[in-house]
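Reading the structure
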Amino acid sequence: MIGPARGSAMFFAHAAPPYNDPMDPLVIAGKAFESRLIVGTGKYRDGEQTRRAVEASGAEMVTVAVRRVNLDRNRESLLDFLDPERYFLLPNTAGCYTAEEAIRAARLGREAGLSDWVKIEVIGDQKTLYPDVAATLEATRTLVKEGFTVLPYTSDDIVFARRLIDVGAAAVMPLGAPIGSGLGIQNTANLRILREMITEVPLIVDAGVGTASDAALAMELGADAVLMNSGIAGADDPILMAHAMKHAVLAGRQAFCAGRMPRKLYATASSPLEGVSR
């Protein structure tokens, strides 16, 4: 959380130490997760590579696109590689462009026995894959009324984040950069505002992470968790990158809980000068 800048131009605002336990579980809608890394299952070479990457990530929650998996299991499916006793499967509505499509996909996932939790994605622009926030709000409102636990992918707009919470969203999941871009966190100021103003539900950075330092930065900004897919699946070695992301999320969380030193314009000696003979 960002404190107010002090009167001197030589002082830069910094996060006050929150003194949380970095090993505290991530709690969403009353359910606890030891890992603060959530991973997707798209873009891998095959099911076996998906399984190995998910395992290496240490993630407990794994997203599955309802519209892209074989739910009736009449042929090999991604679900054959993910043990539901080991992983919490989170259906998502990837590929939906209207609230109606997203609602229908969520219902399909529940009817197929996946979960009554859902990550809502309603895309508003095909080129940028930015969310349609109005349609996302509509889908969230409807599904919450139907008993779903809804985690919406959204913009970094605090106004819409508040509206999602008001209609019952169990978390807020703002993008850090466009989906699959690998650009890293491009909106640090807005994420800091969201972190300061949203405390009643988890704040999960979703989209844009390209490498481990991006994940660490998201956590250092105060995110409760990071969700990623392309950053792992698109790496030359997805298994090794999954390991890296696991450690980056933990390191970023520890750094946030520790509270960083203040930024200063000029140098400060590492060793005190008092009592040193000249």
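Quick note: structure is the one above.
Residues numbered from 1 in each chain as written. Predicted model: local features only at pLDDT ≥ 70, side-chain atom pairs only at ≥ 80, totals over all residues. Heavy atoms only, no water.

This part covers the pairing of strand S5 (residues 61-65). As a general feature of sheets, a regular strand has side chains that alternate between the two faces. When you tally the buried positions in S5, you get five out of five residues, the bulk of the element. Alternating positions in S5 separate into two faces, Met61, Thr63 and Ala65 on one and Val62 and Val64 on the other, with burial throughout. Pairing of S5 with strand S6 (residues 88-92), which is carried by five bridges, proceeds in the parallel orientation. What sits directly across from Met61, in S6, is Phe88. (Buried < 20%, exposed > 50% of the residue type's maximum accessible area, 1.4 Å probe, protein only. Helix = DSSP H or I, 4+ residues; strand = E, 2+ residues; numbered from the N terminus. Pairing = 2+ DSSP bridges.)

Further remarks concern the pairing of S6. Burial within S6 is extensive, with five of its five residues counted as buried. Alternating positions in S6 separate into two faces, Phe88, Leu90 and Asn92 on one and Leu89 and Pro91 on the other, with burial throughout.

This paragraph deals with helix H1 (residues 47-57). Those residues of H1 that fall on the buried side of the exposure criterion are Gly47, Gln49, Thr50, Ala53, Val54, Ala56 and Ser57. Taken together, the buried residues of H1 touch strand S4 (37-39), S5, helix H7 (230-233) and helix H8 (238-258). Sitting at the head of H1, Asp46 places a side-chain oxygen 3.3 Å from the backbone nitrogen of Glu48. Positioned one or two residues after H1, Gly58 has a phi angle of 75°, which is positive. (Contact = heavy atoms within 4.5 Å. Polar contact = N/O pair within 3.5 Å; in protein donor to acceptor, adjacent residues only side chain to side chain.)

So, on to the nonpolar core. Buried together is how nonpolar side chains tend to be arranged in soluble globular proteins. One finds Leu82, Leu89, Met228, Ile232 and Met245 to be the most contacted residues of the largest nonpolar core, which totals 45 residues. Per-element accounting of this core gives the leading share, six residues, to H8. Setting aside residues up to four positions removed in sequence, Ile232 forms contacts with Val39, Tyr44, Ala53, Pro238, Met241, Ala242 and Met245. (Core = buried A, V, L, I, M, F, W, Y, C linked by side-chain atoms within 4.5 Å.)

With that settled, consider H8. Here H8 is 21 residues long and its end C-alpha atoms lie 30 Å apart, about the 30 Å a rise of 1.5 Å per residue gives. Within H8, burial applies to Pro238, Ile239, Met241, Ala242, Met245, Ala248, Val249, Gly252, Arg253, Phe256 and Cys257. Where the residues of H8 are buried, they touch S4, H1, helix H6 (212-220), strand S11 (225-228) and H7. At the C-terminal side of H8, Gly259 shows a positive phi close to 80°. (Expected span 1.5 Å × (residues − 1).)

Let us now look at unusual backbone geometry. One non-glycine residue, Lys43, adopts positive backbone phi at about 75°. Tracing the sequence through the fold places Lys43 in the loop between S4 and H1. In this structure, Leu129 takes a positive phi of about 60° despite not being glycine. Mapped onto the elements of the fold, Leu129 is located in the loop between strand S7 (117-120) and helix H3 (133-145).

With that settled, consider the packing of helix H2 (residues 99-111) against H3. If you want to describe how two helices pack, look at the angle between their axes and the distance between the axes. Between H2 and H3, the shortest axis-to-axis distance is 8 Å and the interhelical angle comes to 35°. In the packing of H2 onto H3, the handedness of the crossing is right-handed. Between H2 and H3, the contacting residues are Ala99, Glu100, Ala102, Ile103, Ala106 and Arg107 on the first element and Ala135, Glu138, Ala139, Thr142 and Leu143 on the second. Within the contact of H2 with H3, the residues separate by chemical class into seven nonpolar, one polar and three charged. (Axes fitted to C-alpha atoms, helices over the stretch in contact; angles between N-to-C directions. Left-handed = near helix turned anticlockwise from the far one by under 90°. Nonpolar A, V, L, I, M, F, W, Y, C, P; charged D, E, K, R; others polar.)

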